[in-house]
Every structure is written in C-alpha cells, then in structure tokens.
Amino acid sequence: MVAHSRRSALVAAAALLGAPAVSRAQGQARLVVVGGGFGGASAARFARLSAPDVAVTLIEPQPRFITCPYGNLVLGGLRDMAAITHGYEGLAARGVRIVQDRAVGIDPVARSVRLGGGTTLGYDRLILSPGVALRWNAIAGYDEAAAEAMPHAWIAGDGAQITLLRRQIAAMPDGGVVALAIPPNPFRCPPGPYERISMIAQYLKRHKPRAKILALDAKERFSKQALFQDAWRALYGGMIEWVPGNVDGRVVRVDARTRMLETELGTRHRADVANVIPPQSAAAIAIEAGLTDRTGWVPVDYRTFEARTAPGIHVIGDANQPGPMPKSGFIANSTAKQAVASALAALRGAPPPEAVYFNTCYSHVGAEYGISIVGIFRPNADGTAVEEDRDAGGTSPRGDLPEQRRLEARYADAWYESITRDMFS
Ligand SMILES: Cc1cc2nc3c(=O)[nH]c(=O)nc-3n(C[C@H](O)[C@H](O)[C@H](O)COP(=O)(O)OP(=O)(O)OC[C@H]3O[C@@H](n4cnc5c(N)ncnc54)[C@H](O)[C@@H]3O)c2cc1C
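What counts and what doesn't
- Every chain's residues receive numbers from 1 upward, in the order its sequence appears when written.
- Given that the model is predicted, a residue must reach a pLDDT of at least 70 before its local features are reported, and side-chain atom pairs must reach 80 or more before they are shown or counted; all residues, however, enter totals for whole chains, interfaces and linings.
- Computation of side-chain values covers all heavy atoms of the structure but excludes hydrogens and water.
- A 1.4 Å probe rolled over the protein chains alone gives each residue an accessible area, and that area as a share of the maximum for its type sets the label: buried under 20%, exposed over 50%, partly exposed in between.
- The secondary structure listing takes helices from DSSP runs of H or I that are at least 4 residues long and strands from runs of E that are at least 2 residues long, numbered from the N terminus.
- Strands qualify as paired when DSSP identifies two bridges or more between them.
- Where each domain starts and ends follows an automatic or database-derived domain assignment.
- Note on contacts: a residue pair qualifies if any of its non-hydrogen atoms lie within 4.5 Å across the two residues.
- Buried area is understood as the total, over both parts, of accessible area removed when two parts are fitted together, assessed with a 1.4 Å probe.
- Any Lys or Arg side-chain nitrogen found within 4 Å of a carboxyl oxygen on Asp or Glu counts as a salt bridge.
- Put simply, a residue is near a molecule or strand once any heavy atom of it comes within 4 Å of that molecule or strand.
- The definition of a polar contact used here is a pair of N or O atoms within 3.5 Å, where within protein one atom must be able to donate a hydrogen and the other to accept one, and adjacent residues in sequence count solely through side-chain atom pairs.
- To measure how exposed things are, a 1.4 Å probe is used in the Shrake-Rupley method; for residues, cover is taken only from the protein chains shown.
- Note on residue categories: nonpolar means Ala, Val, Leu, Ile, Met, Phe, Trp, Tyr, Cys or Pro, charged means Asp, Glu, Lys or Arg, and polar means any other residue, Gly included.

### A look at the pairing of strand 9 (residues 125-128)
Covered by surrounding structure in strand 9 are R125 and I127 together with L126 and L128, the residues of both alternating faces. Bridge count between strand 1 (residues 30-34) and strand 9: four bridges; the pairing is parallel. Note that in strand 9 the partner of V32 across the bridge is L126. Across three bridges, strand 9 lies against strand 20 (residues 310-315) in parallel orientation. Within strand 20, the position partnered with L128 by the bridge is V315.

Structure follows, in structure tokens:
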C-alpha cells in the first residue's frame, strides 16, 4: 500500500508539473529482507520469481549460509560441512541485491533499516527472518565463553560450533559420556535434539561402542517420541539414556571448566562431551526493534505474518510465535511465501491471498532409517490464531518396517535438496 501510494503521489506530482509520469525505476517498490536463512532466502527468491518489478535487497552478515538441517548428519559422520554450506550467488544472479552486513536497528515509522556498516536502507515492506537468539545464563554458567567448551551447535553461524562438537565427539575416549541438555518448549526444531542423539549414537556405535549418551531433558514428552525410542532400542541397545524433566532431567547450572551439568535436584553429571542447548528467544534485532512481547517471540497476524505492533514488517521463521506450528526450516519456507505474497498484495492495494502452511520434519535415526511428521495449518478468519488440520498429517507408522525407514531416509535427502534449491538457486 505504501509503495502504491508513494508511486501514486509521484505520478500525481509529475502530472501537476506537466512532466511525463515517473518511470518504473524511480517508483520501483522496495522489499528488504533481513536474514538470509530458511525464511529470508526463500522470501528473497520467491519475491524475484513472483514480482520482477520489485527491488529486492537481502541483508545477511555471513558470506555463506550453513544449514542446521543435516548438521546432525555432520555430527554422525554421514555428511561433511561442504554438503551443508550454500552461497548467495544464485540469488544474486536472480537480481537480488545482497548486502553483506548486519541489521542493527529498524525504524518502522520512517520505514528504514540501519546497518552495522553505518548505512541506512529504506523499504516499502520489510521481511524479517533473523532466527533465534540463545538465552545466555538462563542455565547458570552457560554464556558465550562456556559455549567454547560446551558447544550448543544450535545456531550454525560460521560453522564453528558444529565443527567443535564434531571434533570433541571424535576425540573422546571409548567408554566416555556425551551429555545433552535439552530445553523446554518452544525452541528451534522440536525433533532436532533427538535426531542429534540418534546421529551421535550412530557414530559412537561404529567408533566407540562402549560410550554412552545421557540426554537430560527439561520436558516429559517430545516430538515423534515413540518412533525415536523404538529406533533407539532397535539400533543402539542401551547406549542412550533419556531423562525426562520430572525424573530430574532439568539442567539448571553448568561448569564449563569441569564439563559438569547440574540438575534441578542437585545431581551433578560429569561429561566427556557436553552439548548444551539452552532456552531461546527471537534473535536480537527483533527484540531491539520492540517487536517481541514478554514471551521473547514476535506476535504476528497469521494471515500475513505482519508483526502485531508494526504493520509493514513481516516476521517469519523461528522469530515469531508460531502457534502450533513448529519452528522448522520447512515452516520458515512455507510462511515466507505467504508473507511475500501478502507484502506484494499490500503494495498493490489488494487483500492478502488465502493461506495454508505445510510442514514435514524428517529425522534421520540411522544412516538408512528415517522417520517423519507432517502438519497442515491454516490461520483463522481474523489472523489471531493458526489451527492444525486434524484430518491431514501425522507421523510415520510404528513397527518393524525396514523398507519404509530406508525410503524415508531417502525422502529426507530429497527434501533437503529441493528446499535448498528453493532457497538459493
Ligand atoms: C540441529 C538442527 C536440525 C534441524 N533440522 C531441521 C530439519 O530437518 N527440517 C527443518 O525443517 N528444520 C530443521 N531445523 C530448524 C531450522 O534450522 C530452523 O527452523 C530454520 O533455520 C529457521 O529459519 P529462519 O529463517 O528463522 O532462521 P535461520 O535459517 O537461522 O536464518 C537466520 C539468518 O538471519 C541472519 N541474521 C540474524 N540476525 C541478523 C541481523 N541482525 N541482520 C541480518 N541478518 C541477520 C543469520 O545470520 C541467519 O543467516 C533444524 C535446526 C537445528 C538446530
């Protein structure tokens, strides 16, 4: 709407002066995207495909994007870092202007984004997909320095965290203990910690068969739980011990120097490798821009993903309050398309298109063993909530189904190929 009225105003002014109507270049609508990950890269590409007349700028500090999806397979030795690293050349070739910088401030009234490098970019519509921040010290003693000894590997960044965790697992003695601290809901990728446990077990079974995995969980239940636990028993015997929150699984304090994790009831666990996944919130830029509420996440209109407090700013991916939708790359991609379509409609003064959001989360439990959960979601009439379609979706069946598991591992590979193409090609 803003660009439309801006363009109309320019046209009107030109007519008054008796000059020819403004050219498209002068009146070109500006879509700025902050964050070049699952939500942001998908949005930038989709915007170029669906509205070639709109100027699309993508702001991202990292020169290349490393995906968290398939990062667990790197830990398991089934992929290398190159396989999960993607460049922005494909988006640049599509006409997306890539600005390698960090957004440090947003002015929703002036409609501008301030960059770390000092420049300011104006926008007609802003898509914000900066992902999550880790809540340092929510677990006492777990801060940025502690993460150098007890990696989280939950934000990929430049890849240093995944590489560190992988090295630590490779260097630990046979018979050693890998401990994980797993956060309460909501957090990035509900099945992610359990896929990680599986992939570490898959590696240890081959290389350090006397090692153990101790999973200390803040929760009593988790995504695809029965499927994971069936597979753990079948594939890894007694290697994995999962401790739920109500059986003293909640980690409240860590000591990075001694790699010690202390639970709510005061039990202390010494680990050879400690992977601490702390509680999370929306990334810093969303908080600093005043878009989050007291939950730490951004409330949005589920029809358009516009922030409740800032129309014109569409917040997608893990940073928003997703309702029953998981914080997944799949949802970030699916909602990116609705956010872009809504932004473009608004620029033309049209209503947003009807919305439906899709999710499939595959998990590798073994090299040839995949499981999945599917969900389909729709916003309600006024965009205040999103509802899951109970007649569609569900999880893989339980039981001894080796061919189904083998196929799902391959479907997962195909999903990864196709979503990264939908983001970067
Ligand atoms: C171990 C693990 C496994 C996972 N596996 C799966 C899976 O199999 N399937 C699935 O669907 N999902 C999976 N996920 C979840 C998925 O990674 C996230 O849901 C997805 O990345 C969210 O997309 P996003 O755009 O919100 O954030 P991201 O993809 O993290 O992108 C955010 C981008 O914003 C940039 N950024 C941050 N702040 C700024 C700023 N101020 N200015 C400019 N740029 C900024 C960051 O550098 C980053 O590139 C997994 C996650 C983990 C941790």
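The structure having been displayed, the exposition proceeds.
### Thoughts on the domain arrangement of the protein chain
Taken domain by domain, the protein chain holds domain 1 (2-61 + 101-133 + 281-350) and domain 2 (136-280). Summarising the inter-unit geometry, the C-alpha centres of domain 1 and domain 2 are found 36 Å apart. Contact residues are listed per partner, giving eight residues for domain 1 and eight residues for domain 2. Here domain 1 and domain 2 share an interface that buries about 640 Å² over both sides, 62% of which is from carbon and sulfur atoms. In terms of surface lost to domain 2, no three residues of domain 1 exceed V132, W297 and K327, which account for 61% of the buried area on that side. On inspection of domain 1 and its partner domain 2, the count reaches one salt bridge.

### As for the site of the ligand
Close to the ligand lie 32 residues, the nearest being G39, E60, S129, R188 and D318. In the model, an oxygen atom of the ligand is placed 2.6 Å from a nitrogen or oxygen of the E60 side chain. Residue G329 places a main-chain N or O atom 2.9 Å away from a nitrogen atom belonging to the ligand. Surface burial for the ligand is 93%, taken as the share of its 990 Å² of free accessible area covered by protein chains. Of all the elements in the fold, those that place two or more residues in the shell around the ligand are helix 3 (38-50) and helix 10 (329-347). Of the residues belonging to the shell around the ligand, the class tally is 16 nonpolar, ten polar and six charged. Counting contributing residues per domain, the shell around the ligand is built from domain 1 (2-61 + 101-133 + 281-350) and domain 2 (136-280), each supplying no fewer than three.

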